[in-house]
Amino acid sequence: MGKTAFIFPGQGAQKAGMGKDFYEKYDTAKDVFDFAGEWLDLDMKALCFEENDRLDLTEYTQAALVTTCLAMEKVVEEMGLHPDVTAGLSLGEYCAIEAAGGMELKDAVTTVRKRGILMEQAVPAGKGSMAAVMGMETEKIEEVLADVSIANYNCPGQIVITGLAEAVAEASEKLKAAGGRRVIPLNVSGPFHSAMLATAGKELGKVLEGVTLHELKIPYVTNVTAEYVEDPAETKALLEKQISSSVRWQQSVENMIRQGVDTFIEIGPGRTLAGFMRKIDRNVKVYNIQTVEDAEKVCQELV
C-alpha cells in the first residue's frame, strides 16, 4: 500500500479570503486563527479574510499563510486523514515541521512572523530580485549563471534565479539568448534564497534558540538537501540555512516518490504545488485542499 504526503505552499500562494470557510465551519480552525492573532497581536481574520494591502508584505504574509495552512491541516486530520511524511516549499516547511509534530503551533507562527521581518530587512528594497526561468534544462541554466544563484528547483522546465537586481536582469537576457522560452521577473521584495540572506539566517538562528522542538511523529523533508529528517536536533540548523540556500522542491518530491509516496495532498490556498507535481511525475495521485468542500471531498475518498 502506498504512502501519503501532506505538502504546503510557500509565499506567493496567499490570497484574500483564504481559510475563511474553515474558520466559519470548524472550531478547530477557528481556534488556530484566533490564537495566532492573540500571540502575534494581529487581527488575523482581517489580514487573511479581507482585501488589504498588508497580506502581500513579507512581514505579514508569512504568518498569515502558515496560520491558514495549519488551520486547514488540523481540520483535515480531524476528518481522519493523516500523512506518512510532510514537506513544504520554503515557508511551507514550517507547516511541514509542525504537522509532523516537531514544533508547537505557537512557535511555528511566531517564528515565521520574525522570519518575515528579518527577510524584509535583510536587503534594501530594490537591491535584489528574482526571476522564473521557463522551458530550459537545469544544466543549461547552471552553465549560464555567474553572479546569481538558483533559488528554487520547482519542477522540470521551471527554475527560479535570485541575486542582485542588476545581475538577475543580465542573467535573464543571457538565459533568453541561450534558449530559455521565457524569463519572468517575480514580484518579490528581495533576493530570497540567495547568499544575500545569510545574515537574516544567522538572526533567525538566534530566534530558533528559544524554540523547543519535539520528537517527530513522522518524518518531514527539508528543502536544503531534499532528504528525510527524522531527528529534530537537525531542524534548527536546517531552518537557519534554508533562508539563504536553494529550495530543492523537485528533488524533494522525487525522493518521496522513491520512498513509496504515491499520494500527495497540497493543503493551502492556490494550486502551485499541484501544478509542479504534474510536471514532476504524472503517475502519482495529487489532491488540492483550499476550501472546506475540497477537504470534505478528499477525505470522503481517501479516509
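Residues numbered from 1 in each chain as written. Predicted model: local features only at pLDDT ≥ 70, side-chain atom pairs only at ≥ 80, totals over all residues. Heavy atoms only, no water.

Participant: Account for the sheet that holds strand β8 (residues 228-229), with residues named and values stated.
Facilitator: Here six strands make up an open sheet; going across it, the order is β8-β7-β2-β1-β9-β10 and the pairing mixed. Each having just a single partner strand, β8 and β10 (285-289) make up the two edges of the open sheet. In terms of strand pairing, strand β7 (residues 220-221) meets β8 through two bridges, oriented antiparallel. Looking at the pairing, Val221 lines up with Tyr228 of β8. Contacts from helix α4 (residues 58-78) reach β1 (3-8), β9 (261-267) and β10, with the element oriented near 155 degrees to β1. Sheet contacts for helix α5 (residues 92-99): β1, β2 (85-88) and β7; angle to β2, the most-contacted strand, approximately 160 degrees. (Pairing = 2+ DSSP bridges. Helix = DSSP H or I, 4+ residues; strand = E, 2+ residues; numbered from the N terminus. Contact = heavy atoms within 4.5 Å. Axes fitted to C-alpha atoms, helices over the stretch in contact; angles between N-to-C directions.)

Participant: Give me the lowdown on the nonpolar core, citing residues and values where you can.
Facilitator: Counting residues in each nonpolar core, the largest one holds 73 residues, and the members touching the most others are Phe8, Phe22, Met44, Val76, Met103, Tyr220 and Ile265. For Phe8, the residues in contact, after removing those within four places along its chain, are Cys69, Glu73, Thr86, Ala87, Gly88, Leu89, Gly92, Cys95, Ala96, Ala99, Ile267 and Leu273. Membership of the second largest hydrophobic core comes to 18 residues, among which are Val85, Leu89, Val247 and Val261. (Core = buried A, V, L, I, M, F, W, Y, C linked by side-chain atoms within 4.5 Å. Buried < 20%, exposed > 50% of the residue type's maximum accessible area, 1.4 Å probe, protein only.)

Participant: Any chance you could break down α4 for me, citing the residues and the numbers?
Facilitator: Along an α-helix, residues three or four apart share an orientation, since each turn contains 3.6 residues. Taking 1.5 Å of rise per residue, the 21 residues of α4 would be expected to cover 30 Å, and the 30 Å separating its terminal C-alpha atoms lies within 8% of that figure. The element α4 is extensively covered by neighbouring structure, given that 18 of its 21 residues are classed as buried. Taken from the residues just after α4, Gly80 is the one with a positive phi, measuring 105 degrees. (Expected span 1.5 Å × (residues − 1).)

Participant: An account of unusual backbone geometry is needed here, citing residue identities and associated values.
Facilitator: One non-glycine residue, Asp41, adopts positive backbone phi at about 55 degrees. Relative accessible area serves as the criterion here: at 69%, Asp41 is assigned to the exposed category. One non-glycine residue, His193, adopts positive backbone phi at about 55 degrees. Looking at the secondary structure, you find His193 in the loop between β6 (182-185) and α9 (198-208).

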